[in-house]
Every structure is written in structure tokens, then in C-alpha cells.
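Topology and contacts: notes
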Amino acid sequence: MQDNEILGRIGELIDEEHQLRSRITSGEAGTDDHGRIKNLEESLDQCWDLLRQRRARRGIGENPDGAVPRPVSEVEGYQQ
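Not measured: the values here are computed from a predicted model. (Residues numbered from 1 in each chain as written. Predicted model: local features only at pLDDT ≥ 70, side-chain atom pairs only at ≥ 80, totals over all residues. Heavy atoms only, no water.)

Some words on the pattern of salt bridges
This is how it is decided: For this document, the term salt bridge refers to a Lys or Arg side-chain nitrogen within 4 Å of an Asp or Glu carboxyl oxygen. To qualify as a helix, a DSSP run of H or I must reach at least 4 residues; to qualify as a strand, a run of E must reach at least 2; elements of each kind are numbered from the N terminus. Burial classes follow relative accessibility: with a 1.4 Å probe on protein chains only, a residue under 20% of its type's maximum area counts as buried, one over 50% as exposed, and anything between as partly exposed.
Within the structure shown, the criterion is met by twelve salt bridges. Residue Arg9 pairs with Glu12 through a salt bridge whose shortest N-O separation is 3.3 Å. One end of the pair is Arg9 and the other is Glu12, both in helix 1 (residues 3-25) and three residues apart, which spans about a single turn. What makes Arg9 partly exposed here is its relative accessible area of 34%. Of the charged contacts in the structure, one is a salt bridge between Glu41 and Arg21, with a shortest N-O distance of 2.5 Å. Here Glu41 is found in helix 2 (residues 33-59), whereas its partner Arg21 is found in helix 1, with 20 residues between them in sequence. Owing to a relative accessible area of 32%, Glu41 belongs among the partly exposed residues under this scheme.

Below, the structure is given as C-alpha cells:
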């Protein structure tokens, strides 16, 4: 996956998250919406991590295509 594809996916995930949060705020949320938001947040974290990996690899002269998505359990365990 190329950087522009990752950024496109991030945009899609953010759009969906905003729509769901609006539904929750307006009281129109379904029973699965809160769980879906959690999944979206995890997917976003994975995408951002993959993009950072690619940029870091490129920055040290390595092939960015060697970056691989890390599991949610790993990405969610990072400290801010």
C-alpha cells in the first residue's frame, strides 16, 4: 500500500467516524455504533503507524514497501 492509498484510507475512516459520532450525539445511534467507533479508532491507529513506518524507512534510505501493518494489540499498546 502506497502513502497516498494509506492517506486515502485514513480519510475514509475519519469520515465514517465523524458520521457515527454525529449520530451518537443526535441520539440516532444504533446498538453497534459504539463498537464500530472503537474498530475505526483501532484501524486509524494502524494506518497512522504504517504511514510512520514507511516515512521512517524512507528517511533512512530503506524501501518503504518493507513496512508492514502491526497488530492492533501492538499499536494500541504504544504510549503517547
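And the narrative resumes.
Brief notes about the environment of Arg57
Going by this rule: Any pair of residues with heavy atoms lying within 4.5 Å of one another is described as a contacting pair. N or O atoms closer than or at 3.5 Å make up a polar contact, with two conditions inside protein: a donor-capable atom paired with an acceptor-capable one, and, for residues adjacent in sequence, both atoms drawn from side chains.
With respect to the helices and strands, Arg57 occurs in helix 2. Taking the C-alpha atoms as reference points, Arg57 and Ala67, ten residues apart in sequence, are found 7.5 Å from one another. Sequence-distant contacts of Arg57, defined by excluding residues within four places in its chain, comprise Glu62, Asn63, Pro64, Gly66 and Ala67. Separated by 2.8 Å, the side chain of Arg57 and the backbone oxygen of Asn63 make a polar contact.

Description of the environment of Ser43
Mapped onto the fold, Ser43 is located in helix 2. Distance in space between the C-alpha atoms of Ser43 and Ala56 is 20 Å, their sequence separation being 13 residues.

A few points about the packing of helix 1 against helix 2
Rule in force here: What counts as an axis is a line fitted to C-alpha atoms, over the stretch in contact for a helix, and the angles between N-to-C directions run from 0 to 180 degrees. Each angle is binned into one of four classes, with values under 35 degrees roughly parallel, values over 145 roughly antiparallel, values of 65 to 115 roughly perpendicular, and all other values oblique. We call a crossing left-handed when the near helix sits turned anticlockwise from the far one by less than a right angle, and right-handed when that turn is clockwise. Under this grouping Gly is polar, as are all residues other than the nonpolar Ala, Val, Leu, Ile, Met, Phe, Trp, Tyr, Cys and Pro and the charged Asp, Glu, Lys and Arg.
Interaxial distance between helix 1 and helix 2 falls to 9 Å at its minimum, and their mutual angle equals 155 degrees. With respect to helix 2, the axis of helix 1 lies roughly antiparallel. Judged by the twist between their axes, the crossing of helix 1 over helix 2 is left-handed. Taken together, the residues that form the contact of helix 1 with helix 2 break down as 14 nonpolar, two polar and twelve charged.

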